Structures are given as structure tokens and as C-alpha cells.
Amino acid sequence: MAQQLATEQQRARDAMLDLAVYRAAAKHQADPDALLDSTSFRARVQALDPAASDFTSKLGEAIKKAVEDNPRYRAGTTPARSGAHITNGPPPSGRPKSLADAVRASYGT
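Parameters at a glance
- Residues numbered from 1 in each chain as written.
- Predicted model: local features only at pLDDT ≥ 70, side-chain atom pairs only at ≥ 80, totals over all residues.
- Heavy atoms only, no water.
- Helix = DSSP H or I, 4+ residues; strand = E, 2+ residues; numbered from the N terminus.
- Buried < 20%, exposed > 50% of the residue type's maximum accessible area, 1.4 Å probe, protein only.
- Contact = heavy atoms within 4.5 Å.
- Areas by Shrake-Rupley, 256 points an atom, 1.4 Å probe, with all protein chains shown as cover.

**Notes on the overall build of the protein**
Within the protein one finds five helices and zero strands. When burial is assessed residue by residue, the protein has 22% of its 109 residues classed as buried. For the protein, the proportion of contacts with a sequence separation of at least 24, taken over those separated by at least 6, is 59%. As presented, the protein carries roughly 8,400 Å² of accessible surface, and 54% of it is formed by carbon and sulfur atoms.

Printed below as a string of C-alpha cells:
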């Protein structure tokens, strides 16, 4: 029973920490999902006590440092494109636009 209580307390603490990260991330232009997906960030903030009076400021400092150290944690960033850009633009000049144009050009009519 004591083990179950300790497990539930840890889960509640983790949920409080996650919520606090979501609330504070926008203030520091950070992506909360990217932060919470990072094991290094989680390890850094795991020692913080959500009940402490300076928790909000220490969490803000940790978020700010994470964004400064790794720009991919910044909100609104998108990964670089890895392939060519494909469009449905006009065909290259000199080529017929339709089958009728190709037949006309071939027979000279």
C-alpha cells in the first residue's frame, strides 16, 4: 500500500510539472511538447519542487536556458526540408500543353 501511495504521489508530481511547463513555455517562446519530449530537460527540472515559492522562476530559467542552448525547442520552428520541392507549375517552354497541341504540332495543322 505504501508503494502504491508513493507511485501515485510521483505521478501527481509529474503531472503538476508537465502542466507548469505548458503554462510557462509561451512566456519564453518555447515549444512545451518538444521540451517535455527531451530527457535532458526533464532531468534538469525533475529536481524542482512544485510547492516551493521560487518554483515558477526556476522553471522559467530552465526553459529559457533550454531554448538558448537548443533552438529546436523554440516555438514555431519547423525542421528543415529534406527533399526537393515539387510543384504543379506550368510545363517547360517548348512542350505542348495538351495532347491536341502535340498532335497539331506533329502534323502541322
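**As for the side chain of His28**
Within the fold, His28 resides in the loop between α1 (2-25) and α2 (32-36). According to the relative accessible area criterion, His28 is buried, its value standing at 19%. Those residues in contact with His28 that sit more than four places away from it in its chain are Gly60, Ile63, Lys64 and Val67.

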